[in-house]
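In case you want the letters, here they are:
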Amino acid sequence: MAPLVQRSGDAVFANVERVNAELFTLTYGAIVRQLLTDLEEVEEVNKQLDQMGYNIGIRLIDEFLAKSNVSRCVEFKETAEVIAKVGFKMFLGVTASVANWDADGASCSLILEDNPLVDFVELPDTCQGLYYCNILSGVIRGALEVVSMKTEVNWVRDMLRGDDAYELRVKLLKQVPEEYPYKDDE
């Protein structure tokens, strides 16, 4: 399954409209910097980045579904692979690996070796509690909520904090049954 998903991610990336990576990275950095200035508390900035990501994710999923031609995922494991190989490739130009599954298959790690959001970034000592890429956890949470998966997404490792990779922990809290706005007349 993984090679097919990987090829799908490469195909989507080849056909999607792109912006200059440096412009994107510097614009995101300016947003984070402005949040730090306005909110002053690092924990508040983390919350705001997550909320911004959530709002982006609930809109971004429509574009993902329209352009990726990915069929409906049946299991959470399949969903994680699609996020790692197609979603990250489509929107950030990188792929992630899926690892560290728990026993019941409801929690895994998405590990990024490369993260374009952190080019040119060094965290000062005053920002050591900042999850600079917290917007990504919100994007994943928002997108999955639209497709009926209530999740919790947290950073486990961050290279800006001296770790060897970027690792997001994604935990499926519950699969929400799809509700239709009307009942069929019988």
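Rules used throughout
Residues numbered from 1 in each chain as written. Predicted model: local features only at pLDDT ≥ 70, side-chain atom pairs only at ≥ 80, totals over all residues. Heavy atoms only, no water. UniProt positions renumbered as here; feature names shortened; annotations may be inferred. Pairing = 2+ DSSP bridges. Helix = DSSP H or I, 4+ residues; strand = E, 2+ residues; numbered from the N terminus. Axes fitted to C-alpha atoms, helices over the stretch in contact; angles between N-to-C directions. Contact = heavy atoms within 4.5 Å. Parallel < 35°, antiparallel > 145°, perpendicular 65-115°, else oblique. Nonpolar A, V, L, I, M, F, W, Y, C, P; charged D, E, K, R; others polar. Salt bridge = Lys/Arg side-chain N within 4 Å of Asp/Glu carboxyl O. Buried < 20%, exposed > 50% of the residue type's maximum accessible area, 1.4 Å probe, protein only.

The name recorded for the protein in an unreviewed UniProt entry is Trafficking protein particle complex subunit, from Amborella trichopoda. As its UniProt record puts it under Function (unreviewed entry), the protein is described as follows: "May play a role in vesicular transport from endoplasmic reticulum to Golgi." Here the protein is described in UniProt, under the heading Subunit (unreviewed entry), as follows: "Homodimer."

(A) Focus on the sheet that holds strand β4 (residues 166-175). Within the open sheet, the 4 strands sit side by side as β1-β2-β4-β3. Their pairing is antiparallel. This sheet does not close on itself; its edge strands, each paired only once, are β1 (96-99) and β3 (149-157). Averaged over all pairs of adjacent strands, the angle between strand axes in this sheet comes to 25°, irrespective of strand direction. With 6 bridges connecting them, strand β2 (residues 107-112) and β4 associate as antiparallel partners. Considered in β4, the bridge of Cys108 is made with Val170. Along the sheet, helix α4 (residues 76-92) contacts β1, β2, β3 and β4; its crossing angle with β2, the most-contacted strand, is approximately 15°. Strands β2, β3 and β4 of the sheet are contacted by helix α5 (residues 134-146), whose axis makes an angle of about 160° with β3.

(B) Broad picture of the packing of helix α3 (residues 42-68) against α4. Where α3 meets α4, the closest approach of the two axes is 11 Å, and the angle between their N-to-C directions is 100°. It follows from the interaxial angle that α3 and α4 lie roughly perpendicular. Between α3 and α4, the contacting residues are Leu60, Glu63, Phe64, Lys67 and Ser68 on the first element and Val82, Val86, Gly87, Met90 and Phe91 on the second. Residues of the contact of α3 with α4, tallied by class, amount to 6 nonpolar, 2 polar and 2 charged.

(C) The pattern of salt bridges, seen in detail. Inspection of every chain in the model, using the stated rule, returns 6 salt bridges. In this structure, Glu44 engages Lys47 in a salt bridge whose closest nitrogen and oxygen atoms are separated by 3.6 Å. Here the residue Glu44 and the residue Lys47 both occupy positions in helix α3, the gap between them amounting to 3 residues, near one helical turn. Note on Glu44: relative accessible area 37%, which makes it partly exposed. Across the pair Arg157 and Glu167 runs a salt bridge, and its minimum N-O distance is 2.7 Å. Taken together, the residues Arg157 in strand β3 and Glu167 in strand β4 connect sequence positions 10 residues apart. A residue is classified by how much of its surface remains accessible, and Arg157, at 22% relative accessible area, is partly exposed. Its relative accessible area of 7% is what places Glu167 among the buried residues. Put simply, Arg157, Asp164 and Glu167 are held in one network by salt bridges that share partners.

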